[in-house]
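Structure assessment
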Amino acid sequence: MKKRIFILIVISLISIATNAQQPTQSERLAWWHEAKFGMFIHWGVYSLYGGIYNGHQQARGDAAWILNRCKIPVAEYRETAKQFNPVNYNPEFWAKMAKEAGMKYLIITAKHHDGFALFHSKASNWNVVDATVYGKDLLKPLAEACRKYGIKLGFYYSQAVDWTNPGGSAARRLMSEGWPNPDSTKIDNYTKIHDGKWDPVQETSTFDEYIDRVAVPQVQELLSDYGDVSILWWDYATQMKSIEGAAKLKKLLSLQPKIITNDRLYPDFPGDTKTPEQAIPDQSSVAGQNWETCMTMSNSWGYKKNDTGWKSTETLIRNLVKIASRGGNYLLNVGPRPDGTFPDECIQRLKEIGEWLEVNGEAVYGTQASPLGLLTWGQCTQKPIKNNTILYLSVFDWPKDGKLTVQGLKKEVIMAKLLATGADLITTKTADSLIISLPVTAPDKIVSVIKLEVKGKIFNK
Ligand code: GLC
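Because the structure is a prediction, the values reported are computed rather than measured.

Considering the pattern of salt bridges
- A complete count under the given rule lists twelve salt bridges for this structure.
- Salt-bridge contacts for aspartate 212 lead to lysine 248; the nearest nitrogen and oxygen are separated by 2.8 Å. Placement of the pair is aspartate 212 in helix α10 (residues 207–224) and lysine 248 in helix α11 (residues 243–252), with a sequence separation of 36 residues.
- Across the salt bridge formed by glutamate 314 and arginine 318, the nearest N and O atoms sit 3.7 Å from each other. Of the two residues, glutamate 314 and arginine 318 both sit in helix α13 (residues 313–325), four residues apart, roughly one turn of that helix.
- Residue arginine 318 is classed as buried on the basis of its relative accessible area of 16%.
- Taken together, the salt bridges that share partners define one network made up of Asp235, Arg264 and Glu277.

As for the site of the ligand
- Around the ligand, a shell composed of Phe40, His42, Trp65, His112, His113, Tyr156, Trp233, Asp235, Arg264, Glu277, Cys294 and Trp301 is seen.
- The side chain of histidine 42 places a nitrogen or oxygen atom 2.6 Å from an oxygen atom of the ligand.
- At 2.9 Å from an oxygen atom of the ligand is found a side-chain nitrogen or oxygen belonging to glutamate 277.
- Alone, the ligand offers 300 Å² of accessible surface; in the complex the protein occludes 91% of this.

Here we look at the packing of aromatic side chains
- Here the structure, examined in full by the defined rule, presents 24 aromatic pairs.
- Measuring from ring centre to ring centre gives 6.2 Å for phenylalanine 93 and phenylalanine 342, while their planes differ by 65 degrees; the resulting arrangement is edge-to-face. Within this pair, whereas phenylalanine 93 is found in helix α6 (residues 91–100), its partner phenylalanine 342 is found in the loop between β9 (329–334) and α14 (344–360), the two being separated by 249 residues in sequence.
- Residue classification places phenylalanine 93 among the partly exposed positions, given a relative accessible area of 34%.
- Residue classification places phenylalanine 342 among the buried positions, given a relative accessible area of 2%.
- Within the aromatic cluster, the residues linked to one another by ring pairs are Trp43, Tyr49, Tyr53, Tyr77, Phe84, Tyr89, Phe93, Trp94, Phe116, Trp126 and Phe342.
- For lysine 104, the ring lying beneath its charged end belongs to tyrosine 365, and the centroid distance is 4.4 Å.
- Sitting above the plane of the tryptophan 31 ring, lysine 152 keeps its charged end 5.1 Å from the centroid.

Details of α6
- Here α6 has its buried residues at Pro91, Trp94, Ala95, Met97 and Ala98. For α6, the buried positions fall inside an angular range of 160 degrees around the axis, keeping them on one side.
- Looking at the packing, one finds that the buried side of α6 touches β1 (37–41), β4 (105–111), α8 (139–149) and α14.
- At the C-terminal side of α6, glycine 102 shows a positive phi close to 90 degrees.

Details of the sheet that holds strand β11 (residues 388–395)
- Across the sheet, four strands lie side by side as β10-β11-β16-β13; this open sheet has antiparallel pairing. Two strands lie at the open edges of the sheet, namely β10 (378–385) and β13 (413–418), each paired on one side alone. This sheet shows a mean twist of 15 degrees between the axes of neighbouring strands, independent of strand direction.
- When β13 meets strand β16 (residues 448–454), the two strands line up antiparallel, connected through five bridges. Looking across to β16, one finds that valine 413 is bridged to valine 454.
- Sitting on the sheet, α13 touches β10 and β11, and the angle it makes with β10 is about 50 degrees.

Things to note about empty space enclosed by the protein
- For the structure shown, the criterion picks out one cavity of 30 Å³ or more.
- Estimates place the volume of the largest cavity at around 30 Å³.
- Along the walls of the largest cavity sit Trp32, Ile231, Leu232, Trp233, Ile260, Thr261, Asn262, Thr273 and Glu292, which together make up its complete lining.
- Of all the elements, strand β6 (residues 231–234) adds the most residues to the lining of the largest cavity, at three residues.

Observations regarding the pairing of β9
- By the criterion of burial, β9 is predominantly enclosed, with six of the six residues buried.
- As paired strands, β1 and β9 are joined by five bridges and run parallel to one another. What sits directly across from methionine 39, in β9, is leucine 332.
- By the bridge criterion, four bridges tie strand β8 (residues 292–295) to β9 in an arrangement that is parallel. Bridge pairing in β9 links threonine 293 to tyrosine 330.
- In this view, the connection linking β8 to its parallel neighbour β9 by way of α13 has right-handed handedness.

Remarks on the state of the cysteines
- In total, this model carries zero disulfides according to the counting rule given.
- Left without a disulfide partner, cysteine 146 is nearest to the cysteine sulfur of cysteine 346, which lies 17 Å away.

Details of the domain arrangement of the protein
- Once the domains are mapped, the protein shows domain 1 (24–363) and domain 2 (378–454).
- Inter-centroid distance (C-alpha atoms) of domain 1 to domain 2 is 39 Å.
- Carbon and sulfur atoms make up 58% of the area that domain 1 and domain 2 hide from each other, which totals about 1,300 Å².
- At the boundary of domain 1 and domain 2, one finds one salt bridge.
- Residue lysine 451 pairs with glutamate 362 through a salt bridge whose shortest N-O separation is 2.7 Å.

What counts and how
- Residues numbered from 1 in each chain as written.
- Predicted model: local features only at pLDDT ≥ 70, side-chain atom pairs only at ≥ 80, totals over all residues.
- Heavy atoms only, no water.
- Salt bridge = Lys/Arg side-chain N within 4 Å of Asp/Glu carboxyl O.
- Helix = DSSP H or I, 4+ residues; strand = E, 2+ residues; numbered from the N terminus.
- Buried < 20%, exposed > 50% of the residue type's maximum accessible area, 1.4 Å probe, protein only.
- Near = heavy atom within 4 Å.
- Polar contact = N/O pair within 3.5 Å; in protein donor to acceptor, adjacent residues only side chain to side chain.
- Areas by Shrake-Rupley, 256 points an atom, 1.4 Å probe, with all protein chains shown as cover.
- Phe/Tyr/Trp six-rings, centres within 6.5 Å; stacked < 30°, edge-to-face > 60°.
- Lys NZ or Arg CZ within 6 Å of the ring centre and 35° of its normal.
- Arc of directions from axis to C-beta.
- Contact = heavy atoms within 4.5 Å.
- Pairing = 2+ DSSP bridges.
- Axes fitted to C-alpha atoms, helices over the stretch in contact; angles between N-to-C directions.
- 1 Å grid on protein atoms, 1.4 Å probe; cavity = no way out; pocket = protein on both sides within 12 Å on 5 of 7 lines; lining within 4 Å.
- Points joined across faces, edges and corners; volume = space filled by probe spheres on them.
- Right-handed = clockwise from strand over helix to strand, strands pointing away.
- Disulfide = S-S within 2.5 Å.
- Domains from an automatic or database assignment.
- Buried area = accessible area lost by both parts, 1.4 Å probe.

Shown next as structure tokens:
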């Protein structure tokens, strides 16, 4: 009896000790909140098409979706994949580019919806090593480059939607949205009956089998063979058709105790982070949450030859500041060309954002959401220090009369200066606001930052 009690005590002590080593959610998220800015990378076989199939410009949807949108037969897509040969792939350049842009992490599509793995997987030969002339794992050298440049590495993994590994879910998109194929009506009718699928090969296995055969072992490979993985970015919760399957995937996260995961594993999965897409949410809807807006720089996640709608550097910097002022992170996408290079438009914008952050990064990294209400001229972030508060006022519209009014700020000002030059600024108080006197010209055309230290804490409105 005594011996049994002794064993029980030892077991509970061990379990307390192991649990104590498991970081809490806020410990896991600490670096991520500090980071604010990351690079998303959508790259794969679809990049070869660049949004064009058989001479037809894909009419709707993302270039990464070409296989589904144009209902390309799976065997044909696989045949095309053989030509995937990114001879100019330079992961050091990618990691360096992210770093110079001021990004602190990078998340790459280890497997997107087309099912193609950018890594050497034993679970499916539909991977870059076994299915292309290139024949080398793309993620190993990227993981090394990220380590070298101090960039945290994350993997996007499409766990539910998979158009080439049999059994994966299709996510219904009708043929007519793709390209003017003469057989479109026939294919439309087929997809209606076959849960969005368009090729009988996709139906040679069940969803449960696909999860066990492909998704579970591949996530295990990703979380075991690439060193520290900081983020697992699931996608398409609504297509996750098996609760048991989702549980198996979730369990694998314990392979990386510090990992952060998003909320797209299955419907209602909370994850650690919320993932608004292509939009910056209202402050009230995200207050107190951990959230990250993912966004394209152009009109597509995957590389698109005739891409349009590139957001200006001004828009991108202002987005980042706006997101930080609401307490979120910005995950900005690059869709590399099939040869492994970044589009010039991306390189230029990343450099310009980096230059701005080099001077003004303090107003973004490690900050918290604005405690002030709506500001007509720009955005605000804050950093509490001891008993006081630092406010970073990011001015988008520089006042012509040289007077910036901070409505509702009644605290005593301890210090006020321009972040870019360090020049002191004169402030005056009125009954219900603070007025800051500014030089005639803004230090920065896009966003100029004023750093204020005010007495005490300001509580969020
Ligand atoms: C959507 C798209 C997917 C893309 C993702 C990024 O879910 O289906 O193609 O990768 O958004 O957030």
